[in-house]
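Reading the structure
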Amino acid sequence: MTEPTSATPHYTMGFSETILRHSRRRTVHSHAAHLLPHLKPGLRALDLGCGPGTISVGLAKAIEPGELHGVDMEPSQVAVASAIAEAGGQGNATFHVGDVTDLPFDDDSFDLVHGHAVLTYIPDTQAALAEARRVLKPGGLISIREAVYGSSFLAPDYEVIGLAWSIFSELVTADDGHPNIGKDLKRHLLQAGFTNITSSASFTSYSTADEVDYFASVIKDWFLSADVRTAAMEYGVATQQHFDNLERALKRWISSPNAFGAVAYGESIAYKPPR
Ligand SMILES: C[S@@+](CC[C@H](N)C(=O)[O-])C[C@H]1O[C@@H](n2cnc3c(N)ncnc32)[C@H](O)[C@@H]1O
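Residues numbered from 1 in each chain as written. Predicted model: local features only at pLDDT ≥ 70, side-chain atom pairs only at ≥ 80, totals over all residues.

1. A closer look at the overall build of the chain
Just so we agree on the cut-off: Strands here are runs of E lasting at least two residues and helices are runs of H or I lasting at least four, both read from the DSSP assignment and numbered beginning at the N terminus. Within these notes, the globule rule equals 2.2 Å times the number of residues to the 0.38 power, and the radius of gyration is based on C-alpha atoms. To sort residues by burial, count the other C-beta atoms lying within 10 Å of each one's C-beta; a count of 20 or more means buried, 12 or fewer means exposed, and anything in between means partly exposed. C-beta atoms are built from the backbone. With C-beta atoms placed from the backbone, a contact is any residue pair whose C-beta atoms sit within 7 Å.
A count of helices and strands for the chain gives 10 helices and 8 strands. On C-alpha atoms alone, the chain measures out to a radius of gyration of 19 Å, which is about the 19 Å that the 2.2 N^0.38 rule sets for 275 residues. Dimensions of the chain, computed from C-alpha atoms along their principal axes, come out at roughly 55 × 40 × 35 Å. The 275 residues of the chain split such that 45% are buried. Expressed as a percentage of contacts within the chain between residues at least 6 apart in sequence, the contacts between residues at least 24 apart total 77%.

See below:
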């Protein structure tokens, strides 16, 4: 279900135009609000799994004249992020192709490490957090925000749509990812040796007619696409009948005046212990 040229063959979401459009709507204000009070001019910051970089450029703006480095395994994402930074005149943002479990940076070299919707897709959570800890300066701050797909919903559900979140979660799990890791960030950060952890939760919601149309189009063009159906059937997590039922329920949802949907996230701020 990923592009054949992808450097991240087990990255469940893939890099279709629909998914890119979805990621590009994200901003530091919409998806990293918990971090805003901690952003200060002059910080040196790293964005793990930056994707198309729309959150990264917001971070870069907030820490000017500090440097922002974004890392993603997928060269096409690094190219998009670089283009978005350049178009926005964000000269303090640089993007690199790399693996967040093997970062191309020196020890103790960042004031801030940020990750949004990336640990969900990385099999070895502790390997990624150990690298984040290594590159952070003593006393440096880590901010992670990850989804809790099991607590996300569309209403009305027609007693069918909830199944879509379960199928998606099983797909992520089949790719060795963690569809509900947003719930467990505190535990993972403690285990990785971070201290002074503050955890909270928030939703990204879809309620206006435009938002409902938009979210339905993501579900239809991505989740109900032939690629995802094939992958789900190959993994044995759904049948054609499940997808047909979901397609019918989604049509009802779009035209319901009560349509509302929300994706749940857990988020945590923590610190590398001072020396
Ligand atoms: C859901 S996207 C999130 C992008 C961005 N953080 C955002 O929230 O808009 C996840 C990104 O993580 C990247 N990724 C997955 N595993 C990675 C790894 N081990 N190292 C670097 N990037 C990785 C994928 O290529 C993808 O661009």
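2. As for the nonpolar core
Selection rule: As used throughout, a nonpolar core is a set of buried Ala, Val, Leu, Ile, Met, Phe, Trp, Tyr and Cys residues joined through C-beta atoms within 7 Å of each other.
Formed by 75 residues in total, the largest nonpolar core has its most connected members in Leu 59 and Val 113. Apart from the residues lying within four places of it in its own chain, the contact partners of Leu 59 are Val 28, Leu 39, Ala 45, Asp 47, Leu 68 and His 114.

3. Details of the site of the ligand
As a reminder of what qualifies: Here, nearness means that the C-beta atom of a residue, built from backbone geometry, sits within 6 Å of the molecule or strand in question. Think of it as three bins: nonpolar holds Ala, Val, Leu, Ile, Met, Phe, Trp, Tyr, Cys and Pro, charged holds Asp, Glu, Lys and Arg, and polar takes everything else, Gly as well.
Residues in close proximity to the ligand total 22 residues, the closest being Gly 49, Gly 51, Met 73, Glu 74 and His 116. Residues of the shell around the ligand, tallied by class, amount to 11 nonpolar, 7 polar and 4 charged.

4. A closer look at the environment of Ala 128
Its place among the elements puts Ala 128 in helix H5 (residues 125-135). Among all residues touching Ala 128, those that are not within four sequence positions of it are Val 100, Thr 101, Leu 119 and Ile 122.

5. Quick look at unusual backbone geometry
Note the cis peptide between Glu 64 and Pro 65, where omega equals 5 degrees. Along the chain, the position of Pro 65 falls in the loop between helix H3 (54-63) and strand E2 (68-72). In this model, Ala 155 is joined to Pro 156 through a cis peptide bond whose omega is -5 degrees. Unusually for a residue other than glycine, Asp 108 sits at a positive phi of about 50 degrees.

6. Some details on the packing of H3 against helix H4 (residues 75-87)
What counts is decided by this rule: Fitting a line to C-alpha atoms yields each axis, with helices limited to the stretch in contact; the angle taken between N-to-C directions then spans 0 to 180 degrees. Each angle receives one of four descriptions, namely roughly parallel if under 35 degrees, roughly antiparallel if over 145, roughly perpendicular if within 65 to 115, and oblique otherwise. Left-handed describes a crossing in which the near helix is turned anticlockwise from the far one by less than a right angle; the clockwise case is right-handed.
Where H3 contacts H4, the axes come no closer than 9 Å and their chain directions differ by 40 degrees. In this view, H3 runs oblique relative to H4, as classed from their interaxial angle. As for the relative orientation of H3 and H4, their crossing is right-handed in sense. The residues of H4 that touch H3, namely those facing Thr 54, Ser 56, Val 57 and Ala 60, are Ala 81, Ile 84 and Ala 85. Per-class residue counts for the contact of H3 with H4 are 5 nonpolar, 2 polar and no charged.

7. Quick word on the pairing of E2
For clarity, the threshold we go by: Note: two strands are recorded as paired if DSSP finds a minimum of 2 bridges between them. Whether a crossover is right-handed depends on one test, that the path from the first strand over the helix to the second runs clockwise when the strands point away from the viewer.
For E2, the tally of buried residues reaches 5 of 5 residues, placing the bulk of the element in the interior. Of the two faces of E2, both are covered, the one formed by Leu 68, Gly 70 and Asp 72 as well as the one formed by His 69 and Val 71. Here strand E1 (residues 45-48) pairs with E2 via 4 bridges, running parallel. Across the sheet, Leu 48 pairs through a bridge with Val 71, a residue of E2. In terms of handedness, the path from E2 via H4 over to strand E3 (residues 93-97) forms a crossover that is right-handed.

8. A short note on helix H6 (residues 162-174)
What counts is decided by this rule: In a helix, the anticipated span is given by 1.5 Å times the number of residues less one.
Spanning 13 residues, H6 covers 19 Å between terminal C-alpha atoms, matching the ideal 18 Å at 1.5 Å per step. Within the span of H6, buried status applies to Ala 164, Trp 165, Ile 167, Phe 168, Ser 169, Leu 171 and Val 172. Structurally, H6 contributes buried residues whose contacts are with helix H8 (209-223), helix H9 (226-234) and helix H10 (240-255). The first or second residue beyond H6 is Asp 176, which carries a positive phi of 65 degrees.

9. Some thoughts on the environment of Ala 249
Of note, Ala 249 is situated in helix H10. Exposure remark for Ala 249: the 20 C-beta atoms within 10 Å place this residue in the buried category. For the pair Ala 249 and Thr 208, spaced 41 residues apart in sequence, the C-alpha separation works out to 19 Å. If we ignore the near neighbours within four places in the chain, the residues touching Ala 249 are Tyr 158, Val 160 and Ile 161.

10. So, the packing of H8 against H10
Running from amino to carboxyl end, H8 crosses H10 at an angle of 170 degrees, the nearest separation of the two axes being 10 Å. Accordingly, the angle class assigned to the pair H8 and H10 is roughly antiparallel. Note on element contacts: H10 touches H8 through Leu 250, Trp 253 and Ile 254, opposite Val 212, Asp 213, Ala 216, Ile 219 and Lys 220.

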